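Descriptive analysis of the structure
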Amino acid sequence: MSAPEFDGVIIKGINIMADKALVEQIADAMYKMIKDAAGQKQYKAMDLQKAMRELFPGKADKKICREAIKILITSERCIYTYFGGSYIELPHVEGAANPTKEG
Amino acid sequence: MAETTKATGKLAELTTGPYPSFVKEIEAAAENNKMAQDLIGLLELSYNEKLCHWKHGGIVGVMGYGGGVIGRYCDEPEKFPNVSHFHTLRVNQPAGWFYKTEALRKICDMWEVRGSSIFNIHGSTGDIVLLGTTTPQLEPVFNDLTKMGFDLGGSGSVLRTPSCCVGPARCEWAMYDTLKCAYEQTMAFQDELHRPYFPYKFKFKFSGCPNDCVASIARSDMSFIGTWKDDIQIDKDKVLWYAEEKKLDIQNVVVDRCPTKCMAWDGKELHIDNRNCSRCMHCINVMHLALKPGKERGCTILLGAKAPILEGAQMSSVLIPFMKMEPPYNEDEPSYEDLPELIDAIWELWGEEGKNRERVGEFIQRIGMSNFLDAIGLEPVAEMVKHPRENPYVFYELGDDEDEGEEE
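Quick notes on the rules
- Residue numbering note: each chain is counted from 1, following its sequence as written.
- The naming scheme follows written order: chains are lettered A onward, ligands numbered 1 onward.
- At least 70 in pLDDT is required for a residue's local features to be given in this predicted model, at least 80 for side-chain atom pairs to be given and counted, and no such filter applies to totals for whole chains, interfaces and linings, which use all residues.
- Excluded from the side-chain calculations are hydrogens and water; all other atoms, namely the structure's heavy atoms, are used.
- Numbering of helices and strands runs from the N terminus; a helix is a DSSP stretch of H or I covering at least four residues, while a strand is a stretch of E covering at least two.
- The contact criterion used throughout is that any non-hydrogen atoms of two residues lie within 4.5 Å.
- The span you would expect from a helix comes to 1.5 Å times its residue count less one.
- Summary of the burial criterion: residues with accessible area below 20% of their type's maximum are buried, those above 50% are exposed, and those between are partly exposed, where the area comes from a 1.4 Å probe applied to protein chains only.
- Here's the idea: put two parts together, see how much 1.4 Å probe accessible area each one loses, and the total over both is what we call buried area.
- Salt-bridge detection follows one rule: a side-chain nitrogen of Lys or Arg within 4 Å of a carboxyl oxygen of Asp or Glu.
- Polar contacts, as counted here, are pairs of nitrogen or oxygen atoms within 3.5 Å of one another; within protein the pair requires one atom able to donate a hydrogen and one able to accept it, and residues that are adjacent in sequence qualify only if both atoms are side-chain atoms.
- For our purposes a nonpolar core is just a set of buried Ala, Val, Leu, Ile, Met, Phe, Trp, Tyr and Cys residues, chained together by side-chain atoms within 4.5 Å.
- The patches described consist of residues with a relative accessible area above 30% and no salt bridge, like charges being joined within 9 Å and nonpolar side chains (Val, Leu, Ile, Met, Phe, Trp, Tyr) within 5 Å.
- Each accessible area is a Shrake-Rupley estimate made with a 1.4 Å probe; only the visible protein chains count as cover when residues are assessed.
- Marked domain ranges trace back to an automatic or database domain assignment.
- A pair of strands is treated as paired once DSSP finds two or more bridges between them.
- Orientation is described by axes fitted as lines to C-alpha atoms, over the contacting stretch for helices, and by angles from 0 to 180 degrees between their N-to-C directions.

Quick look at the environment of Val214 of chain B now. Residue and element names in this part refer to chain B. Position of Val214 relative to the elements: it lies in the loop between strand 8 (204-207) and helix 8 (216-219). Taking the C-alpha atoms as reference points, Val214 and Ile225, separated by 11 residues in sequence, lie 9.8 Å from one another. With near-sequence residues (within four places) excluded, Val214 lies in contact with Trp97, Ser163, Cys164, Cys165, Lys205, Phe206, Ser207 and Arg219.

In structure tokens form, the structure reads like this:
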């Protein structure tokens, strides 16, 4: 009897085993895009998703892109910011932030 | 700066009226809290100079979340060091705002230690709004809230915390279970609530009946307003009782104030032309012992309301005239089970094509309702028309009918 075929692990519709490498790859591409534009242009999540669709045709769907953004945020390579709308940027200290005694 | 626990000058004026005063509350908090003391000083400065000294937004937040914390810094940190950071946290309220006293006590105790000890129940979004803390306290506050069973609400370009009226928990007019819907949508869209994916904010509000106690028609992008499909239930004896015993002037107070003039009163009997009733609830509110909504209940879904920020205020307009909210569902009419698909279609289109900081109502205005309906796969229906000749997006394609006729 042959072993059952291993299909990976599906979480929220994403096969995390099969797609992990792709998600990482897309996260890296998003990070590069954000880093290259730092200080000049702010990107929203959808801007990144649209750019990735062009860069990875047929692969970078909504779920994969959302996972990639999650990786960028939880790894602290990027942060969410709010300046009128919500953006994804490199971590930085904003000009208005007053230092506190606590840190 | 000397410790200030009492407001003076223009700010003190706000403590003199007969109404509850937020300044009095800040004064009370200032007895024990340095942030509240500096808040009085800063507010006085703003009132005297007619200038705002807060900077709002920025990059503060808790790990992994893109919403829930609204950064606030003061531009006079030397004068008022205790409010140099004064961040706001939105806390996701329980559906219908029901709490155990113990839960509120825990939040109060935590906020006295970690924040300004001032909070707002409830903000216009519906959340509990914790006012004023420093950046290093954000993660500890979030951890404490999590241990208490609370989560942060929405802020920024996210799905804002879904909000509902008290619904069937306390109100006889609830046409569907608003509490259940608000809870289920909150749980279903956790990702959208905490991680900004949209062009701008998006709000759900659930009202159990057309009285619309949470003002969903004016304050939410997607309004769910309870309604009914069949005829208003009339207790004829009670109508007479209103006229004879309560001396209610039914003609003046009820019939003449019906917006669609669908009622008639002959002194003995009330007649309602239900086909022309717009379900405004006026007659039912006035004669609630005699009239009741029909038995076939559900909700109307409307889309596009917003307050004036970038552009003027808008009321939402009808998208789905009637959605059944509880089983048994009919295959030929929209049901609660279809809701995720509808929401997804709207978000997909608006997310792809919406401009930065463009609300869904503004987006519909820009692209046109007919294009919007086409793109999300909905057929235009008569109920979408607000006023005759004012909604140019409903087209009757006579040519199609002729073609069909020819084929037959």
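Still more ground to cover, so stick around.
Looking now at helix 12 (residues 339-353) of chain B. For helix 12 of chain B, with 15 residues, the first-to-last C-alpha span of 21 Å sits near the 21 Å given by 1.5 Å per residue. Regarding helix 12 of chain B, the residues found buried are Leu339, Leu342, Ile343, Ile346, Trp347, Leu349, Trp350, Gly351 and Glu352 of chain B.

This part covers the interface of chain A and chain B. At the interface, 33 residues of chain A touch 33 residues of chain B. Between chain A and chain B, roughly 2,800 Å² of surface is buried when both sides are summed, and carbon and sulfur atoms account for 52% of that area. Of the charged contacts in the structure, one is a salt bridge between Asp344 of chain B and Lys62 of chain A, with a shortest N-O distance of 3.5 Å. Applying the counting rule to chain A against chain B returns 12 residue pairs in polar contact (both at pLDDT 80 or more). Residue assignment for the side of chain A that touches chain B shows that the elements contributing at least two residues are helix 2 (45-55), helix 3 (62-74), strand 3 (79-83) and strand 4 (85-89) of chain A.

Moving on, we get to the nonpolar core. Counting 64 residues, the largest nonpolar core has Phe202, Phe204, Met222, Leu319, Leu342, Ile346 and Phe372 of chain B as its most contacted members. Ranked by the residues each element gives to this core, the list is headed by helix 1 (residues 16-37) of chain A, at 9 residues. Apart from the residues within four sequence positions on either side, Ile346 of chain B is in contact with Phe202, Met222, Leu303, Leu319, Val360, Phe372 and Ile376 of chain B.

Residue and element names in this part refer to chain B. Side chains of Leu14, Phe22 and Tyr47 sit close together on the surface and give an oily, nonpolar patch of about 260 Å² of accessible area. Along the polypeptide, Tyr47 turns up in helix 3 (residues 34-49). Assessed through its relative accessible area of 32%, Tyr47 is described here as partly exposed.

Residues and elements named next belong to chain B. Under the domain assignment, chain B is made up of domain 1 (9-148), domain 2 (163-227 + 298-399) and domain 3 (233-292). Computed from C-alpha coordinates alone, the two centres of domain 2 and domain 3 are separated by 30 Å. Residue-level contacts link 6 residues of domain 2 with 8 residues of domain 3. Around 520 Å² of area is buried between domain 2 and domain 3 when both sides are counted, 62% of it from carbon and sulfur atoms.

Side chains on a regular strand alternate between the two faces of the sheet. All names here are of chain B. On strand 4 (residues 88-91), burial covers both faces: Thr88 and Arg90 on one face and Leu89 and Val91 on the other are all buried. Pairing of strand 2 (residues 69-70) with strand 4, which is carried by 2 bridges, proceeds in the antiparallel orientation. Residue pairing for strand 4: Ile70 is matched across the bridge by Thr88. Judged from the 4 bridges that link them, strand 4 and strand 6 (residues 128-131) form a sheet pairing that is antiparallel. From the neighbouring strand, Val91 faces strand 6, where its bridge partner is Ile128.

Here we take up unusual backbone geometry. Residues and elements named next belong to chain B. With omega at 0°, the peptide bond leading from Ile121 into His122 counts as cis. Cis geometry marks the peptide bond from Pro327 to Pro328; its omega dihedral reads 5°. Tracing the backbone through its elements, the reader meets Pro328 in the loop between strand 15 (317-323) and helix 12. Not every positive phi belongs to a glycine, and Lys247 is a case in point at roughly 55°.

Residue and element names in this part refer to chain B. The 5 strands are arranged 7-8-9-14-15 in an open sheet whose pairing can be described as mixed. At either margin of the open sheet sits one strand with a lone partner, and together these are strand 7 (163-164) and strand 15. The pairing of strand 14 (residues 297-303) with strand 15 spans 4 bridges and is classified as antiparallel. The residue bridging Leu303 from the neighbouring strand is Ser317, located in strand 15. With respect to the sheet, helix 6 (residues 178-188) is in contact with strand 7 and strand 8, its orientation differing from that of strand 8 by roughly 165°.

Moving on: the environment of Tyr242 of chain B. Residue and element names in this part refer to chain B. Position of Tyr242 relative to the elements: it lies in helix 9 (residues 236-244). Considering only alpha carbons, one finds Tyr242 and His282, 40 residues apart in sequence, at a separation of 15 Å. Residues within four places of Tyr242 in sequence aside, it is in contact with Lys247, Leu248, Val286, Met287, His288, Leu289 and Ala290. Polar contacts involving the side chain of Tyr242 include one to the main-chain amide nitrogen of Leu289, which spans 3.1 Å.

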